[in-house]
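# A look at the structure
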Amino acid sequence: MNRKKITVLLSGAAMVSALAVFSGAWDYVQGISAYPASGITAKPERKSEVNLELLNTIEAEAAKVRVEPQDARVDSVWKAIPGYNGLEVDVEATYEQAVQQYKPGSPITYIYRQISAKVKLDDLGVHPIYRGNPNKPMVSLMINVAWGNEYLVPMLNTLDEENVKTTFFLDGSWLKKNPELAAEIVKRGHEVENHAYSHPNMSSLSRARAELEIAKTQQLLKDSLGVENKWFAPPSGDFNQQTVEIAHARGLKTVLWTLDTVDWKKPSPDSVVHKITTKAEPGFLILMHPTESSSKALKAMIQGIRAKGLHIGTVSQTLSPERIMP
């Protein structure tokens, strides 16, 4: 029985059942069904009966757990903030699955589905992004790469050990010199994105030069790694509105960070772990580089983030409205 038909059956049977209780026709109600091909109602086989107790239990739970979606919005401080899908019980699918072996009092396995947010990042216009939705229990490690080759493979190994996928923003000139290392990052299942070509201060560039910095690395990502670029991280976090507009015109969203390891100052690994694990919150984008400090702190950092009930994903996953499903 497909879902449209079971919807008609369930709602129709529920209405008739309520009337039948008062009319003394309960035996008739228990026999009502619809033949799929014709839509004619008649007394069917017992297996087609509607279990109203089960249906009512599922609908009551569905009313309790429904969560409304949140639209993407522009914040005065954080600029563009992604939306977050809602959640509801799929009553029809849950009933269809549970009715096969249901006994009063037995547990029900609920099937959930997402309710899409109506307003998404693409609808907001040209704005930078500093964080994900604060209700999404996920963070991302943004690893900007323009130097530090000696620490890249150890960091990749730690990410593998912890089963974490994240996003590396590659400087184009580094990518041109290190195609094998860049290919290894992709091979390990990580997201790779655009960090300009020569690590300039984007706000000080002419429009033509700024566009060249972004376009050159975008093309290099495609040609050398087969990557369709989606995100642009300005070097040193330096940008202006022109930068965001140029990236947007090339199909890229400009992304910054919420929390910085400041690992280029060579802090102790313990201090990095303490800072990140105490301050990380849902939706945070955490900036780091392939440095000794971050390499040695990475495992404990990941474990500390997870201990707070947070998932770790790529920038695309963290900024997506897709819900973390139960």
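Reading guide: rules and limits
- Residues numbered from 1 in each chain as written.
- Predicted model: local features only at pLDDT ≥ 70, side-chain atom pairs only at ≥ 80, totals over all residues.
- Heavy atoms only, no water.
- Salt bridge = Lys/Arg side-chain N within 4 Å of Asp/Glu carboxyl O.
- Helix = DSSP H or I, 4+ residues; strand = E, 2+ residues; numbered from the N terminus.
- Buried < 20%, exposed > 50% of the residue type's maximum accessible area, 1.4 Å probe, protein only.
- Contact = heavy atoms within 4.5 Å.
- pLDDT = per-residue confidence, 0-100.
- Expected span 1.5 Å × (residues − 1).
- Phe/Tyr/Trp six-rings, centres within 6.5 Å; stacked < 30°, edge-to-face > 60°.
- Lys NZ or Arg CZ within 6 Å of the ring centre and 35° of its normal.
- Axes fitted to C-alpha atoms, helices over the stretch in contact; angles between N-to-C directions.
- Left-handed = near helix turned anticlockwise from the far one by under 90°.
- Nonpolar A, V, L, I, M, F, W, Y, C, P; charged D, E, K, R; others polar.
- Parallel < 35°, antiparallel > 145°, perpendicular 65-115°, else oblique.
- Core = buried A, V, L, I, M, F, W, Y, C linked by side-chain atoms within 4.5 Å.
- Pairing = 2+ DSSP bridges.

Attention now goes to the pattern of salt bridges. In the structure shown here, the tally under the stated rule is 17 salt bridges. Here Arg73 and Asp75 are joined by a salt bridge, their closest N and O atoms 3.3 Å apart. Here Asp122 makes a salt bridge to Lys253, at a shortest N to O gap of 2.4 Å. You can see Asp122 sitting in the loop between β6 (112–115) and β7 (138–145) and its partner Lys253 sitting in strand β11 (residues 253–254), a full 131 residues away along the chain. Taking relative accessible area as the criterion, Asp122 reaches 61% and is therefore assigned exposed. Classification of Lys253 by relative accessible area gives partly exposed; the value is 23%. Beyond isolated ion pairs, a larger network of salt bridges with shared partners links Arg66, Glu68, Glu88, Asp90 and Arg113.

This brings us to the environment of Gly313. Relative to the helices and strands, Gly313 is located in strand β14 (residues 311–313). In sequence terms Gly313 and Lys165 are 148 residues apart; their C-alpha atoms lie 5.8 Å from each other. Residues within four places of Gly313 in sequence aside, it is in contact with Met138, Val139, Ser140, Leu141, Lys165, Thr166 and Thr318.

All right, on to the confidence of the model for the chain then. Across the chain, pLDDT averages 89, with 85% of residues at or above 70. Ignoring residues within four places in sequence, the model shows residues 1–47, a span with pLDDT below 50, making 47 contacts including any to other chains.

So, about the environment of Val99. Summarising the element assignment, Val99 is placed in the loop between α4 (91–98) and β6. Separated by 50 residues in sequence, Val99 and Glu49 have C-alpha atoms that sit 9.8 Å apart. Non-local contacts of Val99, meaning those with residues more than four positions away in its chain, are made with Asn51 and Leu54.

An ideal rise of 1.5 Å per residue puts 20 Å on 14 residues; helix α3 (residues 52–65) measures up with 20 Å between its terminal C-alpha atoms. Looking only at α3, the buried set comprises Leu52, Leu54, Leu55, Ile58, Glu61 and Ala62.

Following the criterion strictly, the structure yields zero aromatic pairs and no others. When the ring centre of Tyr197 is taken as reference, the NZ or CZ atom of Lys216 above it lies at 4.1 Å.

Turning to the packing of helix α10 (residues 269–279) against helix α11 (residues 292–307), a few remarks are in order. Running from N to C, α10 and α11 point in directions that differ by 35°, and their axes come no closer than 8 Å. Of the two elements, α10 crosses α11, and the hand of that crossing is right-handed. Here α10 contributes Pro269, Val272, Val273, Ile276 and Thr277 to the contact with α11, which in turn contributes Ser293, Lys296, Ala297, Ala300, Met301, Gly304 and Ile305. When its residues are assigned to classes, the contact of α10 with α11 shows eight nonpolar, three polar and one charged.

We now examine the side chain of Thr314. Take Thr314: it is sitting in the loop between β14 and α12 (315–319). Sequence-distant contacts of Thr314, defined by excluding residues within four places in its chain, comprise Ser140, Lys165, Thr166, Thr167 and Glu191.

The contact between helix α5 (residues 149–161) and α11 brings their axes to 9 Å, and the two run at 5°. When the interaxial angle is binned, α5 and α11 end up roughly parallel. Every residue of α11 that contacts α5 at Tyr151, Pro154, Met155, Thr158, Leu159 and Glu161 is listed here: Glu292, Ser294, Ser295, Leu298, Lys299 and Ile302.

Core analysis: the largest hydrophobic core is formed by 37 residues, its most contacted members being Leu141, Phe168, Leu170, Trp174, Ile286 and Ile305. Broken down by element, the residue count for this core peaks at five residues, all from α11. Look past the residues within four positions of Leu170 in its chain and what remains in contact with it is Val145, Leu175, Ala182, Ile185, Val192, Glu193, Asn194, His195, Ala196, Thr217, Leu221 and Leu225. Leu124, Ala233, Leu287 and Val315 belong to the second-largest nonpolar core, a separate cluster that totals 14 residues.

This brings us to the pairing of β7. With respect to burial, β7 is a largely interior element, eight of its eight residues being buried. Every second residue of β7 is oriented toward a common face, with Met138, Ser140, Met142 and Asn144 on one face and Val139, Leu141, Ile143 and Val145 on the other, all of them buried. When β7 meets β14, the two strands line up parallel, connected through three bridges. Residue pairing for β14: Val139 is matched across the bridge by Ile312. Both β7 and strand β13 (residues 285–288) contribute to a ladder of four bridges, which runs parallel. Residue pairing in the sheet places Met142 in a bridge with Leu287 of β13. As defined by bridge partners, β7 adjoins strand β8 (residues 167–170) across four bridges and the pair is classed as parallel.

Most peptide bonds take the trans form, and the phi angle of most residues other than glycine is negative. Its identity is not glycine, yet Asn163 carries a phi of approximately 55°, on the positive side. Of note, Asn163 is situated in the loop between α5 and β8. Residue class for Asn163 comes out exposed when judged on its relative accessible area of 62%. Here Val262, not a glycine, exhibits a phi torsion of approximately 50°, which is positive. Among the secondary structure elements, Val262 is positioned in the loop between β12 (259–260) and α10. The exposure class of Val262 is partly exposed, given its relative accessible area of 21%.

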